[in-house]
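Residues per chain are reported as follows:
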Amino acid sequence: MSPGFMHDTSLDLVCLRSRASERVSHDHFFHSVLGLMGVRTSVHDRARDAYAPCRNGAAAFRAGAGHDS
């Protein structure tokens, strides 16, 4: 991922690397892409967004201040 993309998505590379061995399934893909692209929709399930825990401000994101509306 480019530095610009990492900045724009607020992703923490150290966190991503630490979670790289965790299992995810195709069920995570849709929700992860929505989260990465910043799409605001009620169908986005943060629990299935594989990148949500590695976004800076993830605590606020999980508390509802994230991408869902």
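Quick look at the structure, then. What you are looking at is a predicted structure, and each value in this text was computed from that prediction instead of being measured.

Analysis parameters
Residues numbered from 1 in each chain as written. Predicted model: local features only at pLDDT ≥ 70, side-chain atom pairs only at ≥ 80, totals over all residues. Heavy atoms only, no water. Helix = DSSP H or I, 4+ residues; strand = E, 2+ residues; numbered from the N terminus. Buried < 20%, exposed > 50% of the residue type's maximum accessible area, 1.4 Å probe, protein only. Contact = heavy atoms within 4.5 Å. Areas by Shrake-Rupley, 256 points an atom, 1.4 Å probe, with all protein chains shown as cover. Disulfide = S-S within 2.5 Å. Polar contact = N/O pair within 3.5 Å; in protein donor to acceptor, adjacent residues only side chain to side chain. Patch = residues over 30% accessible without salt bridge, like charges linked within 9 Å, V, L, I, M, F, W, Y side chains within 5 Å. Salt bridge = Lys/Arg side-chain N within 4 Å of Asp/Glu carboxyl O. Expected span 1.5 Å × (residues − 1).

1. Structural notes on the overall build of the protein chain
Phase 1 of the analysis: Counting secondary structure elements, the protein chain contains four helices and zero strands.
Phase 2 of the analysis: The order of helices and strands in the protein chain, counted from the N terminus, is α-α-α-α.
Phase 3 of the analysis: A buried classification covers 29% of the 69 residues belonging to the protein chain.
Phase 4 of the analysis: Long-range pairs, those at least 24 residues apart, make up 43% of the contacts in the protein chain between residues at least 6 apart in sequence.
Phase 5 of the analysis: Put simply, the protein chain shows about 4600 Å² of open surface, and 55% of that area lies on carbon and sulfur atoms.

2. Quick notes on the state of the cysteines
Phase 1 of the analysis: In the structure shown here, the tally under the stated rule is one disulfide.
Phase 2 of the analysis: The side chain of Cys15 participates in a disulfide bridge whose partner is Cys54; the two sulfur atoms lie 2.1 Å from each other. Across the disulfide from Cys15 to Cys54, rotation about the S-S bond amounts to roughly -70 degrees, and the bridge is consequently left-handed. Taken as a pair, Cys15 in helix H2 (residues 13-18) and Cys54 in the loop between helix H3 (26-37) and helix H4 (58-65) lie far apart in primary sequence, 39 residues in all. Each member of the pair, Cys15 as well as Cys54, is classed as buried.

3. A closer look at the side chain of Arg55
Phase 1 of the analysis: Position of Arg55 relative to the elements: it lies in the loop between H3 and H4.
Phase 2 of the analysis: A polar atom in the side chain of Arg55 sits 3.1 Å from the side chain of Asp49.

4. Some details on a nonpolar patch on the surface
Phase 1 of the analysis: Taken together, Phe29, Val33, Met37 and Val39 make up a surface patch of nonpolar side chains, about 380 Å² in accessible area.
Phase 2 of the analysis: Topologically, Val39 is positioned in the loop between H3 and H4.

5. Thoughts on H3
Phase 1 of the analysis: For H3, with twelve residues, the first-to-last C-alpha span of 17 Å sits near the 16 Å given by 1.5 Å per residue.
Phase 2 of the analysis: If you follow the buried residues of H3, they end up packed against helix H1 (3-9).

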